[in-house]
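Single-letter residue listing:
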Amino acid sequence: MTCRLRAVIRPAHVALLAALAACGSESDPLSEADAGPGADAPADAAVDGIAPPEIYPDAAAPGDGDTAVDIAATTTAMFRIDVEPDQHVGVHLTFAPQPGVVMAVERWDGMAPTTIGQTDAGIGRRVLAVRDAEVRRTYWVRVTAGPAPLVGTLAVTRTAFEDGTACASDCARLLQLPLANDPAHDGYATDASTVFRYWFGRRDLVMFVRAAGRAQATAGRQPFVPQDLSQWDGATPGADVGAPRHASHQRGKDVDLSVYGTDGLAPWRSYCTTTTTSGGRECVAGSARDFGGQATAIALSTMFATGRVTMSFLDRELIDQLVPGAEAAAAGGALAPSLVPLYGDGQHVQHWPNHDNHIHIRVSEDTAARPAPGAVAPFEAP
């Protein structure tokens, strides 16, 4: 079903700006930057995470599929989306290209709406996705027009989804990695380099990133930072602006993840002194410093245990510390001993330039649940 929503200008001090004509719903009553993390609902909050109707009472409830939007210049429209625990919900705004359009997501944390993500980048499109695997949850999508009226389409897509380390079907479906509700709970975070329209991966890869993050969070470790997966259309990130950022990263099979330092943190940062070679940036021999080989090996173990990782890329100087880190983690019971050979077999972790500050993970596109042991995927540069 399609309907048209028109924003009404209100004084700036009135609750988040936009009053919208209500639109019918087919479901039960949503510079690139990201805002601070949300918080889990407190114990005395509504058990299902659904916000009361008086929170943003003028927010429209768009139906699934396409909703036409018409927002006056410099004003904000608010949309409410209630999400079930078995759903991944993607929100995709398309419009005639114009500067200054901002889309943000707020999450009901049981006491108040909390902004968990915001994007202002992409020629004629804004994309964000949400999920709460524990309870039904209310999210709001805030769309602010630039200096010109915004006429476009807000598409809401609900996809049946479950977290885990094994994908049973529809594994190649391209889905956006959902915003972290709280990095301390979900185990992954964003930073100033995050480009949300490049956060699209195969269903199985999205599952594995989320599983790895949750494992880190459950163990009380700090979150890692995913950067590029694929574009929203499965192309190499940057292709939409004529400047591809990688040789691969198509079809949602690849993801770049930050790695850990000896301080237990995983921001994007170099762990060596680098030099420029014909292939790109590489660590100078013997210059690796402050790299947490054991912490990184543990973070990767959830993904390696799926049997779906075909190869990954990291600078050789860091691999030299990753392998003993995996051995130490296994000896301490933090990593399955059966996984240790994967870190040093030269296939699952390979040297490639420009990987002194992150690791590139690739999953199999084979239709088998777990590729045959010893099977080697065709090499493709990152």
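Scroll up for the structure.
Residues numbered from 1 in each chain as written. Predicted model: local features only at pLDDT ≥ 70, side-chain atom pairs only at ≥ 80, totals over all residues. Heavy atoms only, no water.

S.K.: How should the sheet that holds strand 13 (residues 254-258) be read in this particular structure?
M.R.: Strand pairing within a sheet occurs via backbone hydrogen bonds; the two strands may be parallel or antiparallel. As summarised here, the arrangement of the three strands in space is 13-17-16, forming an open sheet in which the pairing is antiparallel. Only two strands of the sheet have a single neighbouring strand rather than two, namely strand 13 and strand 16 (309-313). Averaged over neighbouring strand pairs, the angle between their axes works out to 25 degrees when direction is ignored. Relative to strand 17 (residues 358-363), strand 13 runs antiparallel, the two sharing five bridges. In the strand pairing of strand 17, aspartate 256 is matched with histidine 360. (Pairing = 2+ DSSP bridges. Helix = DSSP H or I, 4+ residues; strand = E, 2+ residues; numbered from the N terminus. Axes fitted to C-alpha atoms, helices over the stretch in contact; angles between N-to-C directions.)

S.K.: What am I meant to see in empty space enclosed by the protein here?
M.R.: To find the voids left in a structure, one rolls a probe of water-molecule size over its atoms. One number sums up the size of the largest cavity: a volume of about 60 Å³. Lining the largest cavity are Ala212, Phe224, Leu257, Ser258, Val259, Tyr260, Thr296, Ala299, Leu300, Met303 and Ile359. At the level of secondary structure, the elements contributing two or more residues to the lining of the largest cavity comprise strand 13 and helix 3 (293-304). The greatest single-element share of the lining of the largest cavity, amounting to four residues, is contributed by helix 3. Looking at the lining of the largest cavity residue by residue, the class counts come to nine nonpolar, two polar and no charged. Here the second largest cavity defines a volume of roughly 40 Å³. Lining the second largest cavity are 11 residues; nearest its centre among them are Asp132, Glu134, Asn181, Asp186 and Arg214. Of the residues that constitute the lining of the second largest cavity, the class distribution is one nonpolar, two polar and eight charged. (1 Å grid on protein atoms, 1.4 Å probe; cavity = no way out; pocket = protein on both sides within 12 Å on 5 of 7 lines; lining within 4 Å. Points joined across faces, edges and corners; volume = space filled by probe spheres on them. Nonpolar A, V, L, I, M, F, W, Y, C, P; charged D, E, K, R; others polar.)

S.K.: Would you mind going over the state of the cysteines with me for this structure?
M.R.: A covalent bond bridging the sulfur atoms of two cysteines is what the word disulfide describes. Scanning the model with the defined rule gives two disulfides in all. Shown here is the disulfide that connects cysteine 167 with cysteine 171, its sulfur atoms set 2.2 Å apart. Since a negative S-S torsion denotes a left-handed disulfide, the cysteine 167-cysteine 171 link at about -110 degrees is left-handed. For the pair cysteine 167 and cysteine 171, a shared accessibility class is recorded, and that class is buried. Here cysteine 272 is linked by a disulfide to cysteine 283, with a sulfur-sulfur distance of 2.0 Å. Taking the sign of the S-S torsion, -80 degrees for the link of cysteine 272 and cysteine 283, the bridge is left-handed. With cysteine 272 in the loop between strand 13 and strand 14 (274-276) and cysteine 283 in strand 15 (residues 281-283), this residue pair connects regions lying 11 residues apart in the sequence. Residue cysteine 272 is classed as buried on the basis of its relative accessible area of 3%. (Disulfide = S-S within 2.5 Å. Buried < 20%, exposed > 50% of the residue type's maximum accessible area, 1.4 Å probe, protein only.)

S.K.: Even after reading the chapter, I still don't get the pattern of salt bridges, so can you show me in this structure?
M.R.: Side chains bearing opposite charge may pair, as long as their charged atoms lie close to each other. Within the structure shown, the criterion is met by 24 salt bridges. Across the pair arginine 245 and aspartate 228 runs a salt bridge whose closest N-O atoms are separated by 2.8 Å. Of this pair, arginine 245 sits in the loop between helix 2 (203-218) and strand 13 while aspartate 228 sits in the loop between helix 2 and strand 13, placing them 17 residues apart in sequence. Arginine 251 is the salt-bridge partner of glutamate 365, the closest N and O atoms lying 2.8 Å from each other. With glutamate 365 in the segment after strand 17 and arginine 251 in the loop between helix 2 and strand 13, this residue pair connects regions lying 114 residues apart in the sequence. The exposure class assigned to glutamate 365 is partly exposed, which follows from its relative accessible area of 35%. When its relative accessible area of 43% is taken as the criterion, arginine 251 is described as partly exposed. A network of salt bridges, in which partner residues are shared, links Lys253, Asp254, Arg362 and Glu380. (Salt bridge = Lys/Arg side-chain N within 4 Å of Asp/Glu carboxyl O.)

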